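Listed below, chain by chain, are the residues.
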Amino acid sequence: MKKVLITGGAGFVGANLAIYFKRDNPSWDITSLDNLHRRGSELNLTQLAKSGIKFVHGDIRIVDDLENAGEFDLFVECSAEPSVLAGYDGSPSYLYQSNLVGTLNCLEMCRKRQADIIFLSTSRIYPMQVIDALQFIEEKTRFKLASDQKMPGVSEYGFSEKLPLAGIRSHYGTTKLCSELVIQEYMAAYGIQGVINRCGVITGPWQMGKVDQGFVVLWLARHMWNGNLSYIGYGGKGKQVRDILHIEDLYNLLRMQIDQLDEISGSVYNVGGGPELSISLYELTQICRDLTGHKIPIDSVFETRQADIPYYISDCRKIRKITGWKPRKGIKEITHHIHTWLKRNEALLKLILS
Ligand SMILES: NC(=O)c1ccc[n+]([C@@H]2O[C@H](COP(=O)([O-])OP(=O)(O)OC[C@H]3O[C@@H](n4cnc5c(N)ncnc54)[C@H](O)[C@@H]3O)[C@@H](O)[C@H]2O)c1
């Protein structure tokens, strides 16, 4: 039996992980802590309760809230302001307080409780300038990486952990990279075990997609309910590319990592769908039209947003070599699953996602 604390446990990743953990390990004692900062996270509380997961309304910036969450021997850190645009329209204070100072508070709890840690980091720790310096070919529906790249860590498999780290990476990426470094110091100094996953785009049901985070859900929801969408930046044609990963595939990886923590502790992995699960916005539009039967006009904004990148695909060969993990759900299954969830929960979701 394990006692698990999941911070950000009412958010998309945290709530789904909590429910999958409980589904597969009914004897585990699982607590989700969340301050419900993200609009829509409150909708996850009903299914957490139904699954037998304890919910604590708490804030990782407040040490007492973490103390009051009870004992745990596995800590899964999913609480964050996860938008790469956060902080550019005003102060980045909330972002740094939550994503960095909050992580430090969580680590202190892990030190005191000698708990293992799984940290959800991000591909956005890699600097924009490094990615912008690559050569891309503009194809009919997407940007493609030119084959003769000289940058370390770049290949036809995507971007590996060897991608250079010097450069500007957004406030969000900075909070996550700093957190990674502090986590590694804690692990080395206090004998805590843990693993860091630099995730690309994760998606699936119960993601409250918005313009600056969660684009797959946003795209499908706006098609379904005839909302507004824009191709923003890179000429406004929707050719930017990301790899996507279903939340259950992330969970499957975490299960393997927990079982192998003795061997992999201290490691950092790029985690995502990889080249086979890569998609451009333009291509996603075609899928949304097919699934929903709706063709909505999509605006075009020529100017690129601050902190945006044209392309990211995770090279997951390092983690695959160790665990044998690879995603099982393809793009068709992912989008179909989200579409079904939107239809089933229209009354609940339309207000937030349309
Ligand atoms: N979803 C993705 O594509 C993706 C990709 C890479 C990394 N990640 C990381 O995974 C984690 C989970 O992301 P998500 O997609 O579930 O985002 P989310 O916004 O759905 O969930 C984050 C949760 O954290 C909560 N939260 C925010 N500040 C808090 C605080 N100070 N105290 C307690 N709770 C707080 C929010 O209310 C929310 O419920 C984040 O760390 C994010 O950076 C996500």
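Residues numbered from 1 in each chain as written. Predicted model: local features only at pLDDT ≥ 70, side-chain atom pairs only at ≥ 80, totals over all residues. Heavy atoms only, no water.

(A) Representation of the site of the ligand. Taken together, 31 residues lie near the ligand, and D34, S41, Y94, Y172 and K176 sit nearest. Contacts to the ligand include G11, whose backbone N or O atom sits 3.2 Å from an oxygen atom. Between the ligand and the protein, one listed contact pairs an oxygen atom with a side-chain N or O atom of Y172 at 2.5 Å. Contact with the protein chains hides 97% of the accessible area of the ligand, taken as 820 Å² for the molecule alone. Counting residues per element, the ones that place at least two in the shell around the ligand are helix 1 (12–24), helix 4 (93–113), strand 5 (116–122), helix 6 (170–190) and strand 11 (201–203). (Near = heavy atom within 4 Å. Polar contact = N/O pair within 3.5 Å; in protein donor to acceptor, adjacent residues only side chain to side chain. Areas by Shrake-Rupley, 256 points an atom, 1.4 Å probe, with all protein chains shown as cover. Helix = DSSP H or I, 4+ residues; strand = E, 2+ residues; numbered from the N terminus.)

(B) Layout of the sheet that holds strand 1 (residues 3–7). The parallel open sheet is built from 7 strands, whose spatial order is 3-2-1-4-5-10-14. With partners counted over all chains shown, the strands left at the sheet margins are strand 3 (54–57) and strand 14 (268–271), one partner each. Averaged over all adjacent pairs, the angle separating strand axes in this sheet is 20°, with direction ignored. Inspection of the sheet shows strand 1 paired to strand 4 (residues 74–77) by 4 bridges, in the parallel sense. Residue V4 lies in a different strand from strand 4, and its bridge partner there is L74. Sheet strands touched by helix 8 (residues 247–259): strand 4, strand 5, strand 10 (194–199) and strand 14. Its angle to strand 10, the strand with the most contacts, is close to 155°. (Pairing = 2+ DSSP bridges. Axes fitted to C-alpha atoms, helices over the stretch in contact; angles between N-to-C directions. Contact = heavy atoms within 4.5 Å.)

On their own, these measurements won't tell you what the molecule is for.
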